[in-house]
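Structure assessment
Read off the chains here:
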Amino acid sequence: MIIEAHIMCWNEERTIGLTINHYQSFCDRIILHDNYSDDDTIDIAEHMGCEVQVFGKKGVLDDKQYKDLKNNCWKGSNADWVIIVDADEIVHVKDIRGKIDAYTNQGYTICKTMGFNVYSYEYPISSYLEFTKGQFDNSYSKLCVFNPKRIREINYDYGAHVARPVGDVHYGPDKLWLLHYRGIGGHQRLVERHAEYRKRMSVENKKLGLGVHYAYDDQKRIKDWLAAYENRIEIDVNN
């Protein structure tokens, strides 16, 4: 069984090694789709043995390009299963290869997930799973793990929060964890990150109103982060 991960990223030098380490623990191939990072993201990924493919336009954040890429980058893959994620999204379940192998044998072709946003003031040192407190967010329960030989189209909407798969669609009975680590490193890191995104917003994004959350008032963003942090629950990632 071959599992292939497609990871979308831009300027993730602080955490991309953690992302790659996680997926290398159970994936046979990792392709990093990079939107013209101008930090050390690409060098780190290549040094760790990933294939890197650059996409989009330099200096431009265009959600349509991300959507088109996620809907098509896996097509023609020889893998038995593909994983389509952003660099801060971690698919996890105990013995994930065993779970996916069992799904293959049982005829399932796509996995459901349970999405959580994780919050911490610190950064993980060797594994994202050092931090497992967060809040459930159903919009992050993405259909990001599927069989590319039997799913013909995944039909993600913007952000991949909604998908309309076409083909031999059979959902596995259990849910994998999908942990979103945008909220690590404290609220100031999120404020600074979103300020960078605002500067890169494409004309098309602005016309369509995509990525509007990047333009939220910084004080509101901080208030929301603090409230989420105070109301975290422990996620039993070993279950």
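Notes on the structure follow. The model shown is predicted, which means the values in this text are computed figures rather than measured ones.

Our focus in this paragraph is the side chain of His6. With respect to the helices and strands, the residue His6 is situated in strand β1 (residues 3-9). On the accessibility criterion, His6 (3% relative accessible area) is buried.

With that settled, the discussion passes to the packing of aromatic side chains. Under the criterion given, the structure shown has 13 aromatic pairs. Centre to centre, the rings of Trp74 and Phe146 are 4.9 Å apart; their planes meet at 85°, and the pair counts as edge-to-face. Of the two residues, Trp74 sits in the loop between α3 (63-72) and β4 (81-86) while Phe146 sits in strand β8 (residues 145-146), which places them 72 residues apart along the sequence. Across the pair, Phe146 and Trp74 agree in class, each one buried. Judged by centre distance (6.0 Å) and plane angle (80°), the ring pair of Tyr119 and Trp225 falls under edge-to-face. Note that Tyr119 is positioned in strand β6 (residues 110-119) and Trp225 in helix α7 (residues 218-230), a separation of 106 residues in sequence.

Turning to unusual backbone geometry, a few remarks are in order. One non-glycine residue, Asn11, adopts positive backbone phi at about 50°. Mapping Asn11 onto the fold places it in the loop between β1 and α1 (16-24). For Asn11, a relative accessible area of 14% gives the class buried.

Okay, the nonpolar core next. Core analysis: the biggest nonpolar cluster contains 61 residues, and Tyr23, Ile83, Val91, Val145, Phe146 and Leu179 have the highest contact counts within it. Ignoring sequence-local partners within four residues, the contact set of Phe146 consists of Trp74, Asp80, Trp81, Val82, Ile84, Thr109, Ile110, Ile151, Ile154 and Tyr156. Grouped together as the second largest cluster of nonpolar side chains are five residues, Leu190, Trp225, Ala228 and Tyr229 included.

What counts and what doesn't
Residues numbered from 1 in each chain as written. Predicted model: local features only at pLDDT ≥ 70, side-chain atom pairs only at ≥ 80, totals over all residues. Heavy atoms only, no water. Helix = DSSP H or I, 4+ residues; strand = E, 2+ residues; numbered from the N terminus. Buried < 20%, exposed > 50% of the residue type's maximum accessible area, 1.4 Å probe, protein only. Phe/Tyr/Trp six-rings, centres within 6.5 Å; stacked < 30°, edge-to-face > 60°. Core = buried A, V, L, I, M, F, W, Y, C linked by side-chain atoms within 4.5 Å. Contact = heavy atoms within 4.5 Å.

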